[in-house]
Amino acid sequence: MVKESMRSLHQKCQLTHADWSDQAWTHLQIRKVSLYITWLFLQTSIKPNTMTLIGISFAFCAAIAFIMNTLLLAVAFVLLFIVMDFSDGEVSRYRGQTSIEGAYLDKIYIFVGHPVIIAGVAIYQIGLEPSLLTIVLGFSCVISVFAFCMVVDYAKKITVWETLEKIIYSSSVENKLESQTLVNQINDSDQDYLSTDADILSEKTIFQSIYSRLYEALAIFDFPYLFFVLVLFVLLEVFLPAGTYGLVTPLKVFIYALGTLCPCAIILSLWKTLAHKKIEYKLDEMVSRLKK
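These lines cover the structure that appears in this document, whether it is placed above or below.

What counts and what doesn't
- Sequence positions are assigned chain by chain, starting from 1 and proceeding in written order.
- Side-chain atom pairs in this predicted model are given and counted only at pLDDT of 80 or more, local residue features only at pLDDT of at least 70, and totals for whole chains, interfaces and linings cover all residues.
- Only hydrogens and water are set aside; all other atoms, that is, all heavy atoms of the structure, feed into the side-chain values.
- Each patch is built from salt-bridge-free residues with over 30% relative accessible area, joining like charges within 9 Å and nonpolar side chains (Val, Leu, Ile, Met, Phe, Trp, Tyr) within 5 Å.
- Surface exposure here means Shrake-Rupley accessible area, sampled with a 1.4 Å probe, where a residue is shielded only by the protein chains that are shown.
- Between Lys or Arg on one side and Asp or Glu on the other, a salt bridge is scored when a side-chain nitrogen of the former is within 4 Å of a carboxyl oxygen of the latter.
- In this description a helix means any DSSP run of H or I spanning at least four residues, a strand means any run of E spanning at least two, and both kinds are numbered starting from the N terminus.
- Type-normalised accessible area, obtained with a 1.4 Å probe on protein chains alone, sets the label of each residue: buried when under 20%, exposed when over 50%, and partly exposed for intermediate values.
- The span one expects for a helix is its residue count, reduced by one, times 1.5 Å.
- In this scheme, the bend at a residue equals the angle between the axes fitted to the seven residues that finish there and the seven that begin there.
- Any pair of residues with heavy atoms lying within 4.5 Å of one another is described as a contacting pair.
- By nonpolar core is meant a set of buried Ala, Val, Leu, Ile, Met, Phe, Trp, Tyr and Cys residues that side-chain atoms within 4.5 Å join together.
- In the cavity and pocket records, a cavity denotes points on a 1 Å grid over the protein atoms alone where a 1.4 Å probe fits but cannot get out, a pocket denotes an open set with protein on both sides within 12 Å along at least 5 of 7 lines, and lining residues are residues with an atom within 4 Å of a point.
- Grid points are joined across faces, edges and corners, and a volume is the space filled by probe spheres set on the points.
- Ten residue types, Ala, Val, Leu, Ile, Met, Phe, Trp, Tyr, Cys and Pro, are classed as nonpolar, four, Asp, Glu, Lys and Arg, as charged, and the remainder, Gly among them, as polar.
- Each axis is a line fitted through C-alpha atoms, and for a helix only the stretch in contact is used; angles between axes span 0 to 180 degrees, taken between their N-to-C directions.
- An angle counts as roughly parallel when it lies under 35 degrees, as roughly antiparallel when it exceeds 145, as roughly perpendicular when it falls between 65 and 115, and as oblique in every other case.

Quick notes on a nonpolar patch on the surface
Together, Ile-64, Ile-67, Met-68 and Ile-123 give the surface a local cluster of nonpolar side chains, amounting to about 390 Å² of exposed area. If you trace the backbone, Ile-64 turns up in helix H3 (residues 48-67). A relative accessible area of 47% means that Ile-64 is categorised as partly exposed.

Following this line, the structure appears as structure tokens:
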């Protein structure tokens, strides 16, 4: 039994989180709620990895609730899905039970949980309006939510680490570095990175300003913002009188907007990554550390 105060749990479970002060305001607000869920699980012997699996099960429960048209229950499961993604890490930090398997499950949390919930919403909307356009955009939503996480973050990491693995397992690290076209000027990589950033900053045209704002807006397709938007649209669908919007219901707007805009966001992110050579610079930085 853990009998510590919430203040004490906050210090032991949350303030030890890496880059605590750099977290988004929304994340900090979620942690105000997640601490209570963390306290509940600390009263049990349930392990953090089991908590992560429970969180994933909430995604499936939410999808089933959407399909069965029990929208308020779906909202409850979506909110639990969000909070559990924070609480499992807090429990692991308190107990000192961090593991590679836990990091692996965190990735599964995203790649399974996100599309499963959106699939439930898409099936719900297709059931109400089984048109070809709804089916196509519903499919687009599910695929795009999965692809967005991969394109924006994980594909970059996989590429960098696969390249580093080849470097590490080569017979000679120095020879390998010399043969890599991406890192053949590794000693000047930091300076090149800064100069590239300076070049970008010097091109502050109206287009650049608009582009920067658009890129910042991509966060809405990421966790947890996408699901807060989903919850808002579900509540509008539940509590507004039927026929308020005619044939354009809130969840129809959500599916149509997500199915159209998310693929565009993926293309924008791909262009930014390739045009600014973000993977190359990240690889240069990590190889520089290996050489020290």
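Following the structure, the description resumes.
Structural notes on the pattern of salt bridges
In this structure the tally under the stated criterion is three salt bridges. A salt bridge links Glu-90 to Arg-31; the shortest N-O distance between them is 2.9 Å. Pair noted here: Glu-90 is in helix H4 (residues 71-95) and Arg-31 is in helix H2 (residues 25-42), with a separation of 59 residues, a long-range link. Given the relative accessible area of 5%, Arg-31 is considered buried. A salt bridge links Lys-157 to Asp-153; its shortest N-O distance comes to 3.4 Å.

What to know about H2
If you check H2, its first and last C-alpha atoms are 25 Å apart, about what 18 residues at 1.5 Å a residue would give, namely 26 Å. Its maximal kink placed at Val-33, H2 deviates by approximately 35°. For H2, the full list of buried residues reads Thr-26, His-27, Ile-30, Arg-31, Ser-34, Leu-35, Ile-37, Thr-38, Phe-41 and Leu-42. Buried positions along H2 lie against helix H1 (6-14), H3, H4 and helix H10 (225-239).

Section: the nonpolar core
Of all hydrophobic cores here, the largest spans 56 residues; its most connected members are Phe-66, Ile-117, Phe-227, Leu-230, Phe-254 and Leu-258. Residue assignment for this core shows that the elements contributing at least two residues are H1, H2, H3, H4, helix H5 (100-128), helix H6 (132-168), H10 and helix H11 (250-275). At 11 residues, H4 tops the list of elements feeding residues into this core. For Leu-258, the residues in contact, after removing those within four places along its chain, are Ile-118, Cys-141, Val-145, Phe-221, Leu-226 and Pro-263. Listed in part, the six residues of the second largest apolar core include Val-160, Ile-167, Leu-283 and Val-287.

Some details on the layout of surface pockets
Taken as a whole, the largest pocket holds about 1,200 Å³ of empty space. Taken together, 36 residues form the lining of the largest pocket, with His-17, His-27, Asp-85, Ile-110 and Tyr-154 sitting closest to its centre. Within the residue set of the lining of the largest pocket, elements represented by two or more residues are H2, H3, H4, H5, H6 and helix H9 (206-217). Of the residues in the lining of the largest pocket, the class split is 14 nonpolar, 11 polar and 11 charged. In this structure, the second largest pocket occupies an estimated 340 Å³ of space. If you go around the second largest pocket, you meet 12 residues; those closest to its centre are Lys-156, Lys-157, Val-160, Lys-278 and Lys-282. Among the elements of the structure, H6 and helix H12 (278-291) are those that each provide at least two residues to the lining of the second largest pocket. A class-by-class count of the residues in the lining of the second largest pocket yields six nonpolar, no polar and six charged.

So, the packing of H1 against H4
It is the contact of H1 with H4, at a shortest axis distance of 8 Å, that shows an interaxial angle of 90°. The angle between H1 and H4 falls in the class roughly perpendicular. For the pair H1 and H4, the contacting residues are Leu-9, Lys-12, Cys-13 and Gln-14 in the first and Glu-90, Arg-93 and Tyr-94 in the second. Class assignment for the residues of the contact of H1 with H4 results in three nonpolar, one polar and three charged.

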